[in-house]
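One-letter residues, chain by chain:
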Amino acid sequence: MAEAADFQGMNPSPARRWLRRTASLVLGVPLVAGLVAGLLCGPGPAAHAAENTSDSRTVDVSLDTLTPTTPGESDTLTISGSVLNKGKQTITDAEIDLRVGPRLSSRVSIDRVAQRTDYAPGTDAPPVGDKYTVKIPKLVSHVSREFTLSVPVNQLDLDDDGVYQLGVSLSGQTPDEPYNQVLGIERTLLPWQPEAVEKKTQFTYLWPLISSTHLTSETGSDEQQTPVFEDETLAAELAPGGRLDQLVSLGRDLPVTWVVDPDLLASVDAMTRNYRVKSGATTVPGRNQALAKRWLSSVEAAVQGRKVVALPFADPDLASLAHRGKNISGSLSHLQPATKVAETTVETILHVKPSIDFAWPVDGAIDSSIVDVATSAGAHKVIARSDSLRDDLSYTPTAARPIGGGTTAVVADARLSNAFQGDMTKTGNSTLAVQEFLAQTLAVNLQAPGNQRSIVVAPQRMPSASQAQSMARALQALEAQRWTQPIDLVAAAGARPDANAATKVPGTSRYPEHLRRQELPPQAFHDIRNTQNTLDNFKVILTARDRVETPFGRAIDREMSTSWRGNPVGAQLYRDGVRAYLQSLTEEVQLIEKSAITLSGRSATIPVTVQNRLVQGIDHLVLRLTSDNATRLNLDQDKASAQQPIKVEGGHSQSVKFAASANANGPVQMTAQLFTEDGKPYGDPMRFTVKVSEITPTVMLVIAGGVLLLVLAGVRMYTQRKRAAARDATAREAEGSEGSDSSEPEGPEGSEGDINSLDPGQASDPTPDTGPGSGDPSGTGEKVDR
């Protein structure tokens, strides 16, 4: 493997080799003589003065700064740090020394130096000595002291180009062991390349602008659809000194390729206007518009003239899709739309045209199924990592390599990509990480100095602020371009591949188990499919579909985000929240419940009310009313069911009336159901009972007989009254009394009362749009219009 290879092209000149051999001989004679004397005379006091390893962890040595990180011939190397006595005894006659070890021959030997903690005589070089030491007469238990060592580089015997081990040790005595010994040591690495090489390694560093999910699927009912955020944690990342603020302020001066999740840009852009933040069961106004505007402006300025790679919207977890989701219908269909939205989002907000041809699986771990999913999204280049696509070479090959089907794997170097994943808040850790990173880059170049190669570094997706600062320090140290030459990711992907590099993509069984355990479960993709189906059924009835389709489409993208790794509970809660909110919107279009109604007569109209509590109108719906007993009660000219188109403005209700005909008495169950125009049920059916009470011929005969009796009784009463009046008139004449003529009565009072009846053909309410209506069921004993 490349990591096991010795540096090539590093042999010293014959004169230098002669000098070294002579010096070794001169130095070796006294050493051999001392050893012989020791064997002959036995151990003496001098033996205790020799350095040993028994207590080399008593003192914690921390290296806080090392400048310059890549020194030149005329520079002075300055190292500062601190020493802490972790033991129980006071250390006396302490001395802090600098030790320059031999040149390291391979990348593996660099790894070993970084992992060692104990002092080892023979492996660790002797002190530089002379005046380049720091004396500490007394170091009390659990007390720390700061130090600074400064040594001219020309005093370090750095003869040949390469990577050298650099150690800082503390030697001293304790009351129990009153002889000089090494009580603590810390090692780092010193890359030595004072002059620029002829063929430099082409070097690509990815600079990720990615965050976790912050926006919900909820929006306000206003015209602007005010977005709703889960919390204000995004604002903390954008604030001065925050993670995202640091990434932008540091990255704008570095030769990097920006890798952007468009969801982050869209979320920050939403913050630049009115937005709300969840607070318990309600929401409160967001207050960080100015912060969001400032950050977006700084990003736009930083990426001008730089290469920008846009990941699919919300950075979908390709491995989870490949291993858990691709067999669930519809899961892969989200990738291409997410890629298209990504391009539009970046171009609209940052005013640069991004590259959308790259896929970046988690940690660059790939297998054949992941590559298949990545290419289904339209990507032709997959960012992998060398611990996934392994090489068996004596050097580190060029990153780009064809893997079949027109797809290129851009294989990032695993060591360099993982260099800053630790706790970089401690200056000592950061200093060691920077020096090891620089040493590894020089080691790559020196493996095959005549063979120019192109390497790529793909760090963690969401580096912390301190990690970003360490990354920036390392890249700034390479600005002199003595052994590296920066190029962007697109150029690196187009580099001429190494014919000997591995191109066989590992099988699915080779995917790392620790990463597989972090994947989204299959249930996540079932939830996503159900939400998408609900959205598909809902949006077809809307008159302003984009108000619902856009926020929910992006929310579904976020449900597949890589950022949910390690947070399965949060991922499930987010999916549940999206699904519940969408369901609540669909239920704003409903049928108002009806109680039992009575139908008297052979024909009537049955009203059913549709209520729309959305702010937008609905259309492309039909309301179907079905009779469970068409023999007793039928609809629309002797049919069991009838339907009518529905169109209701936002915030209004509409009463739809169906003509019904009764043939027999008794209760009939009716079912009202909304359907989309393509025949899919919408919402729950509504059932109610119609009580048919028909007026039969016998009843009509009885009524007619009663009317006839009333008429005959009236005639008789009229005749009797006329006869009585005539007799009275005759009597008065007979008596000779004078009287005046009286009018003939037209009938007894109340004899002309009409019987009112309902016209079976009476028209229904001519104004169906009733305005905002109640969803309460109709009252008991409701009677239909006839």
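Data block above holds the structure.
Residues numbered from 1 in each chain as written. Predicted model: local features only at pLDDT ≥ 70, side-chain atom pairs only at ≥ 80, totals over all residues. Heavy atoms only, no water.

> In this structure, what is going on with the sheet that holds strand E4 (residues 133-139)? I would like to understand it.
Each strand in a sheet pairs with another by means of backbone hydrogen bonds, the pair being arranged parallel or else antiparallel. Taken in spatial order, the 4 strands make up an open sheet running E4-E3-E6-E7, and their pairing is antiparallel. Either end of the sheet is taken by a strand with one partner, and the two such strands are E4 and strand E7 (181-192). Going from strand to strand, the sheet's axes swing by 25° on average, the running direction of each strand aside. Here strand E3 (residues 91-104) pairs with E4 via 6 bridges, running antiparallel. Looking across to E4, one finds that Glu95 is bridged to Lys135. Against the sheet, helix H12 (residues 427-447) engages strand E6 (162-173) and E7, with an angle of about 45° to E7. (Pairing = 2+ DSSP bridges. Helix = DSSP H or I, 4+ residues; strand = E, 2+ residues; numbered from the N terminus. Axes fitted to C-alpha atoms, helices over the stretch in contact; angles between N-to-C directions. Contact = heavy atoms within 4.5 Å.)

> I tried to follow the pattern of salt bridges on my own but got confused; where do I start?
If the charged atoms of two oppositely charged side chains come close together, the side chains can form a pair. Tallying each qualifying case throughout the model produces 29 salt bridges. Note that Glu218 is salt-bridged to Lys278, the shortest N-O span being 3.5 Å. Placement of Glu218 in strand E9 (residues 215-219) and of Lys278 in strand E12 (residues 276-279) is noted, with a sequence separation of 60 residues between them. Between Arg687 and Asp628 there is a salt bridge, and its shortest N-O distance comes to 2.7 Å. A residue pair is termed long-range when its members are at least 10 positions apart, and Arg687 in strand E29 (residues 681-693) and Asp628 in the loop between strand E24 (618-627) and strand E25 (633-635) qualify at 59 residues. Classification of Arg687 by relative accessible area gives partly exposed; the value is 44%. Here the salt bridges share partners, and the residues they tie into one network are Asp317, Arg324, Glu519 and Arg565. (Salt bridge = Lys/Arg side-chain N within 4 Å of Asp/Glu carboxyl O. Buried < 20%, exposed > 50% of the residue type's maximum accessible area, 1.4 Å probe, protein only.)

> Help me understand the sheet that holds strand E10 (residues 227-229), please; the structure alone is not making it clear to me.
The strand order E9-E10-E12-E13 describes an open sheet built from 4 strands, whose pairing is mixed. The outermost strands of the open sheet, each flanked by one partner alone, are E9 and strand E13 (282-285). Each strand of the sheet is rotated relative to its neighbour by a mean of 40°, with strand direction disregarded. Of the strand pairs in this sheet, E9 and E10 are connected by 2 bridges, and their pairing is antiparallel. Counted as the bridge partner of Thr219 is Pro227 from E10.

> Would you take a moment to explain the packing of helix H6 (residues 262-271) against helix H9 (residues 335-350) for this structure?
The axes of two packed helices give the description: the angle between them and the distance between them. The interhelical angle for the contact between H6 and H9, taken along N-to-C directions, is 45°, at an axis separation of 9 Å. Relative to H9, the element H6 is oriented oblique. Pair H6 / H9 crosses with left-handed handedness. Each of Pro262, Leu265, Ala266 and Asp269 in H6 lies in contact with H9, whose residues at this interface are Ala342, Thr345, Val346, Ile349 and Leu350. Residue composition of the contact of H6 with H9, by class: 7 nonpolar, 1 polar and 1 charged. (Parallel < 35°, antiparallel > 145°, perpendicular 65-115°, else oblique. Left-handed = near helix turned anticlockwise from the far one by under 90°. Nonpolar A, V, L, I, M, F, W, Y, C, P; charged D, E, K, R; others polar.)

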